[in-house]
Amino acid sequence: MDEGYIKFNCNWIPSNDIPLNKVAELNMWREIMYNKGLIGVYPDGIGFGNISMRCNENTFLISGTATGGLPTLSESHYSLVTNYDLSTNSVTCVGPLKASSESLTHALIYECSATTNAVIHIHNLNLWNSLLHHAPTSSENISYGTPGMANEIKRLFDETTLSKEKIIVMGGHRQGMISFGKDLEEAGRILIGRL
């Protein structure tokens with residue numbers, strides 16, 4: 001299974017200096033997603049799902065890699081993405097852990113939508129099957145966490161109703177979906193409302 005692995009060059013700066021004022025809200029919505037089985041861990045031990053919140057125009061706080069299977073997170077489980085570059089397939093992050101494998105995807109959603117302040121990536125096979133090609137859907141030939149997926153995000157914003165629907169079905173990432181919104185509540189309600 002091609003899950004949970006970082007596919008970008010990670011310029012990680014180990015640090016405990018992250019915006020703690022965002023952690024409580026992130027944890028509240030992550031716990032809701034975890035309790036609904038939308039973020040979690042597969043029987044083989046591979047975790048899935050992640051959550052982020054914009055901090056300012058150029059940075060966002062995201063759950064760290066390999067945290068999907070943890071029932072609860074603390075400030076030690078987040079990373080601040082401070083820069084990314086599609087041309088070099090790289091992400092720069094600061095925090096106790098490396099940023100999630102979906103960091104490039106989150107970054108492009110923030111770049112393409114100035115009003116977006118929260119992104120949630122979940123897995124759910126039933127929802128994925130029901131929304132596949134009925135909601136904005138990325139190409140089945142594009143893998144998660146890659147510059148190709150980031151470019152798919154741009155395409156979906158340009159060619160579909162993504163700005164209005166605020167949900168993406170990841171065609172090449174079975175079970176994978178992303179919602180986003182002006183805040184975590186909007187991003188979370190978009191998913192919960194479809195279950």
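Just so you know, these numbers come straight off a predicted model, no measurement behind them.

### Describing helix α4 (residues 147-159)
No. 1: Taking 1.5 Å per residue as the helical rise, α4 with its 13 residues ought to reach 18 Å, and the 18 Å between its terminal C-alpha atoms agrees with that figure.
No. 2: What α4 keeps buried is the set Pro147, Met149, Ala150, Glu152, Ile153, Leu156 and Phe157.
No. 3: The elements touched by buried residues of α4 are α2 (103-112), α5 (162-165), β9 (167-169) and β10 (176-181).

### So, the pattern of salt bridges
No. 1: If you walk through the whole model with that rule in mind, you get five salt bridges.
No. 2: Arg155 is the salt-bridge partner of Glu152, the closest N and O atoms lying 2.8 Å from each other. With a gap of three residues between them, Glu152 and Arg155 both fall in helix α4, about one helical turn apart.
No. 3: On the accessibility criterion, Glu152 (8% relative accessible area) is buried.
No. 4: Arg155 sits in the partly exposed class, given a relative accessible area of 27%.
No. 5: The salt bridge partner of Glu159 is Arg155, with a shortest N-O separation of 3.2 Å. With a gap of four residues between them, Glu159 and Arg155 both fall in helix α4, about one helical turn apart.
No. 6: Each member of the salt-bridge network shares a partner with another, and the members are Glu152, Arg155 and Glu159.

What counts, and at which threshold
Residues numbered from 1 in each chain as written. Predicted model: local features only at pLDDT ≥ 70, side-chain atom pairs only at ≥ 80, totals over all residues. Heavy atoms only, no water. Helix = DSSP H or I, 4+ residues; strand = E, 2+ residues; numbered from the N terminus. Expected span 1.5 Å × (residues − 1). Buried < 20%, exposed > 50% of the residue type's maximum accessible area, 1.4 Å probe, protein only. Contact = heavy atoms within 4.5 Å. Salt bridge = Lys/Arg side-chain N within 4 Å of Asp/Glu carboxyl O.

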